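Structure at a glance
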Amino acid sequence: MLADGTHVWLNAGSSLKFPASFKGKTRLVELTGEAYFEVAKNKQMPFIVHTQNQEVEVLGTHFNISSYDDEKVTKTTLLEGSVKVIAQANQKVIKPGEQAQINRNVAAIKVLPVSIEEAIAWKNGYFVFNDEKLESIMQRVSRWYDIDYEFQGQQGNLSFLGVVERSKNISSLLKVLESTGNVHFKIEGRKIIVMP
């Protein structure tokens, strides 16, 4: 909880820089990684989240930002209220149920409808895979379990659909993925070898 009463949940591999108390005309924080915010209302002092690719400005609302250094797209998903997403000279106001996406190499802001439950599944203790590519899944799994991974052989264009509790150990999650018969895993210390 921040000094102004704002609640923040940080996902694995994430950090938030913030002052001990907010002074001046804005409440500025800096995010690396992913976080869910429930911002305390204060119309006189907007809350601003700065990431590598964007700034998000709010007065009081609930939203999720995913801005990992190793991912090309920064995603801001709104649950309630409204937020203004600013990327260089572009800005968009998004509504609940919408996600603003900014590609690291393009300043344009793309807005599309999304599943709120899927966007904040991590906060509620789940991995949700909705036609998600294996590379993306392994990236999230490696972050959460603090492991490395390596692909061996041709993986093809595998996508997965499912929900797994994040509290389960990594072996359980890998068994669920292996049950499809399309992929196999070998654990070598803190490294997962992904094989066709």
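The structure we're discussing is the one just above.
What this report covers is the structure whose coordinates are included nearby. Just so it is clear, the structure is predicted and the values come from calculations on it, not from any experiment.

For the rest of this paragraph, the subject is the pattern of salt bridges. For the structure shown, the criterion picks out six salt bridges. Residues aspartate 70 and arginine 143 are paired through a salt bridge, measuring 3.0 Å at the closest nitrogen-oxygen approach. Placement of aspartate 70 in the loop between strand 6 (62-67) and strand 7 (73-80) and of arginine 143 in helix 2 (residues 134-145) is noted, with a sequence separation of 73 residues between them. On the basis of relative accessible area, arginine 143 is assigned to the buried category, the value being 17%.

Let us now look at the nonpolar core. Membership of the largest hydrophobic core comes to 23 residues, with the highest contact counts inside it found for Val29, Phe37, Phe47, Val49, Val56, Phe63 and Val83. Only strand 3 (27-38), strand 4 (47-50), strand 5 (55-58), strand 6, strand 8 (83-87) and strand 10 (98-103) provide two or more residues apiece to this core. Sorting elements by how many residues they give to this core places strand 3 first, with four residues. For valine 83, the residues in contact, after removing those within four places along its chain, are Val56, Glu57, Val58, Thr61, Phe63, Thr76, Leu78, Lys92, Val93 and Ile94. Core analysis: the second largest hydrophobic core is formed by 19 residues, Phe127, Leu158, Val164 and Ile192 among them.

Time to look at the environment of glutamate 165. Assignment of secondary structure puts glutamate 165 in strand 14 (residues 159-165). As for glutamate 165 and glycine 125, which are separated by 40 residues in sequence, their C-alpha atoms are 6.0 Å apart. Leave out the neighbours within four places in its chain, and glutamate 165 touches Gly125 and Tyr126.

Cut-offs applied
- Residues numbered from 1 in each chain as written.
- Predicted model: local features only at pLDDT ≥ 70, side-chain atom pairs only at ≥ 80, totals over all residues.
- Heavy atoms only, no water.
- Salt bridge = Lys/Arg side-chain N within 4 Å of Asp/Glu carboxyl O.
- Helix = DSSP H or I, 4+ residues; strand = E, 2+ residues; numbered from the N terminus.
- Buried < 20%, exposed > 50% of the residue type's maximum accessible area, 1.4 Å probe, protein only.
- Core = buried A, V, L, I, M, F, W, Y, C linked by side-chain atoms within 4.5 Å.
- Contact = heavy atoms within 4.5 Å.

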